[in-house]
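Close look at the chain arrangement
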Amino acid sequence: MFRTVEKQAVVMQEAQRLYGLLRNVSKTKAEKWSLDDCIAAAPYTLSINRFKQEQNAVILAHSYTTPDLVYGVADFRGDSYELALKARESSADTIVFAGVWFMAETAKIINPSKQVLIPAGKAGCSLADSLTGEQVRALRAKHPGVPALCYINSSAEVKAACDACVTSGNVFDIAQKMPGDELIFVPDMLMAENLSIELKRRGTPKKIIADGGSCCVHDKFRPGDVERLRKDYPSIRVLAHPECAPEVCALCDYVGSTKGMASYVAASKDKIFGLLTEQGLVNRLEAEHPDKQFVWPFGMCAYMKKNSLINTLEVLVEPRAEQIVKVDETIAAKARKSIEKMFELAQ
Ligand code: 13P
Ligand code: SF4
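The rules behind these values
Residues numbered from 1 in each chain as written. Chains lettered and ligands numbered in written order. Predicted model: local features only at pLDDT ≥ 70, side-chain atom pairs only at ≥ 80, totals over all residues. Heavy atoms only, no water. Salt bridge = Lys/Arg side-chain N within 4 Å of Asp/Glu carboxyl O. Helix = DSSP H or I, 4+ residues; strand = E, 2+ residues; numbered from the N terminus. Buried < 20%, exposed > 50% of the residue type's maximum accessible area, 1.4 Å probe, protein only. Lys, Arg positive; Asp, Glu negative; His and termini not counted. Contact = heavy atoms within 4.5 Å. Core = buried A, V, L, I, M, F, W, Y, C linked by side-chain atoms within 4.5 Å. Pairing = 2+ DSSP bridges. Axes fitted to C-alpha atoms, helices over the stretch in contact; angles between N-to-C directions. Near = heavy atom within 4 Å. Polar contact = N/O pair within 3.5 Å; in protein donor to acceptor, adjacent residues only side chain to side chain. Parallel < 35°, antiparallel > 145°, perpendicular 65-115°, else oblique. Left-handed = near helix turned anticlockwise from the far one by under 90°. Nonpolar A, V, L, I, M, F, W, Y, C, P; charged D, E, K, R; others polar. Right-handed = clockwise from strand over helix to strand, strands pointing away. Arc of directions from axis to C-beta.

Scanning the model with the defined rule gives 19 salt bridges in all. With a shortest N-O distance of 3.0 Å, Glu 288 and Arg 284 are connected by a salt bridge. Of this pair, Glu 288 and Arg 284 both sit in helix H13 (residues 279-288), 4 residues apart, which is roughly one turn of the helix. Each of the salt bridges in this network shares a partner with another, and the network as a whole consists of Asp 173, Glu 198, Arg 201 and Arg 202.

In structure tokens form, the structure reads like this:
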């Protein structure tokens, strides 16, 4: 860890000088960045990349964080599954996770000897915060013998109480592999409904016993949003995340993880896409497909947006206590089994 007092002072001075400029960098809607935005971000980007090298640190950024992180300093960008895999494979001493708490916590659980830092501090997630380990244990006691899956958007305690965890990219395939005709699924009630529908469609129906909440970003989309997109742009392809309500998903051309949506766009010959997901993915797709048009009704995750260039530099210089990820080893050992089971079943 970088500790020279003089160097820290220089970096923090640089941070303060740039703070005013950088406030203009966080956009509230999906729009292309100006050259001025990039010039404002550049000195920060250079400092972060230098400290990262000095400390043998790797930066993993979820696609919902802002482009200054995704393109300026991240070594890897992707969805929850890809980032968990990268964390598992990494040979770095320090993992800086620009995402939300459950993602950084997952990285720490599978890398107990590494330092894992999260610039955003205790950035929650409406799904991960919706259910406790105790509630899962109570649900399992009511349904003895029924296997239990948890979405990766859950706390270490919830993972520890389940047989395996899943991500939006592998939930349907892993659920299909679970034994029996009943399945406990937590903590996304809307994904649980989508899971039930998809398993029926595949001819392998299961009774899904669900508990938890919903994503405060994706649960806002309504069938009317899809209908409006189709009316305004007749040739549009509408893509949604499986955290959206089933009545919304039913009207879309594709439902999948953030990586799934990105792959769909890359493979498609169509030119216009409606995105029922978070702003960060819209920014990414706009940057990566300048020949295509993206229509985004709304949807921003305040938790993801707590990550910035400023607090990323901060964690590399002197992390605050709430930016250092720690997990109780007894819980971590059980949660690790559930995460490793996912890697095994996702093969
Ligand atoms: P993905 O794994 O599809 O990126 O989803 C993460 C998430 O939090 C979606 O809201
Ligand atoms: Fe959680 Fe929703 Fe934010 Fe994803 S978008 S991190 S599910 S609150």
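As a further point, take the side chain of Lys 114. For Lys 114, the position within the fold is in the loop between helix H5 (101-110) and strand E4 (115-117). This buried residue, Lys 114, is left without a salt bridge; Asp 93 holds the nearest opposite charge, at 6.0 Å. With residues up to four places along the chain from it excluded, the contact list for Lys 114 reads Ser 90, Ser 91, Ala 92, Asp 93, Ile 95 and Lys 108.

Here the focus is unusual backbone geometry. Here the bond from Val 186 into Pro 187 is cis, since omega is -10°, no more than 30 degrees from zero. Topologically, Pro 187 is positioned in the loop between strand E7 (182-186) and helix H9 (189-201). Phi angles above zero are rare outside glycine, and Asn 56 is one such case at about 50°. Relative to the helices and strands, Asn 56 is located in the loop between helix H2 (35-54) and strand E1 (57-62).

With 77 residues, the main nonpolar core has Leu 149, Phe 185, Val 186, Leu 195 and Met 342 as its most contacted residues. The leading source of residues in this core is H5, at 7 residues. Setting aside chain neighbours within four positions, we find Leu 195 in contact with Val 171, Phe 172, Ala 175, Leu 183, Phe 185 and Ile 208. Counting residues in each nonpolar core, the second largest holds 20 residues, with Ala 41, Ala 74, Leu 117 and Val 317 among its members.

Looking now at the sheet that holds strand E5 (residues 148-151). The strand order across the open sheet built from 4 strands is E6-E5-E7-E8, with neighbouring strands paired in parallel fashion. In the strand order of this sheet, the two ends are held by strand E6 (164-166) and strand E8 (207-210), each with one partner. This sheet shows a mean twist of 30° between the axes of neighbouring strands, independent of strand direction. Sheet strands in contact with helix H6 (residues 133-142) are E5, E7 and E8, and its direction is about 170° off that of E7. The sheet strands contacting H9 are E5, E7 and E8, and the helix crosses E8 at an angle near 175°.

All right, on to the site of ligand 1 then. In the neighbourhood of ligand 1, the contacting residues comprise His 62, Tyr 64, Asp 79, Ser 80, Asn 153, Ser 168, His 218, His 241, Glu 243, Ser 257 and Thr 258. Between ligand 1 and Ser 80, the relevant distance is 2.7 Å, taken from an oxygen atom to a side-chain nitrogen or oxygen of the residue.

Here H2 crosses helix H14 (residues 309-317) at 25°, and the two axes come no closer than 10 Å. As judged from the angle between their axes, H2 and H14 are roughly parallel. Crossing hand, H2 versus H14: left-handed. Facing H2, whose interface residues are Ala 41, Tyr 44, Thr 45, Ser 47, Ile 48, Phe 51 and Lys 52, H14 presents Leu 309, Ile 310, Thr 312, Leu 313, Leu 316 and Val 317. Grouping the constituent residues of the contact of H2 with H14 by class yields 9 nonpolar, 3 polar and 1 charged.

Another aspect to go through is the sheet that holds strand E11 (residues 272-276). Taken together, the 4 strands give an open sheet; going across it, the order is E10-E9-E11-E12, and neighbouring strands pair in parallel fashion. Strands with a single pairing partner mark the edges of an open sheet, and in this sheet they are strand E10 (254-255) and strand E12 (293-295). Of the pairings in the sheet, the one linking E11 to E12 comprises 3 bridges and is parallel in character. Bridged to Ile 272 within E12 is Gln 293. Relative to strand E9 (residues 237-240), helix H12 (residues 258-267) is tilted by about 160°, and along the sheet it contacts E9, E10, E11 and E12.

Attention shifts here to the packing of helix H4 (residues 80-89) against helix H15 (residues 329-345). Where H4 contacts H15, the two axes come as close as 12 Å, and the packing angle between them is 105°. Between H4 and H15, the angle is such that the two are roughly perpendicular. Listed contacts from H15 to Tyr 81, Ala 84, Leu 85 and Arg 88 of H4 are Glu 340, Met 342 and Phe 343. Taken together, the residues of the contact of H4 with H15 sort by class into 5 nonpolar, no polar and 2 charged.

Right, let's get into the side chain of Thr 167. By the element assignment, Thr 167 lies in the loop between E6 and helix H8 (171-177). Residue class for Thr 167 comes out buried when judged on its relative accessible area of 2%. Every residue in contact with Thr 167, bar those within four places of it in the chain, is listed here: Ser 80, Tyr 81, Tyr 151, Ile 152 and Met 342.

Turning our eyes to something else, we now look at the pairing of strand E3 (residues 94-98). With 5 of 5 residues buried, E3 is to be regarded as a mostly interior element. Bridging between E3 and E4 involves 3 bridges; their strand directions are parallel. Pairing of Thr 94 across the sheet is with Gln 115, part of E4. This β-α-β element, E3 to H5 to E4, shows right-handed connectivity.

Attention shifts here to H4. Those residues of H4 not exposed but buried are Ser 80, Tyr 81, Leu 83, Ala 84 and Ala 87. All buried residues of H4 project into a common sector of 165° when viewed along the axis, lining one side. Looking at the buried residues of H4, the elements they touch are E1, strand E2 (76-78), E3, H5 and H15.

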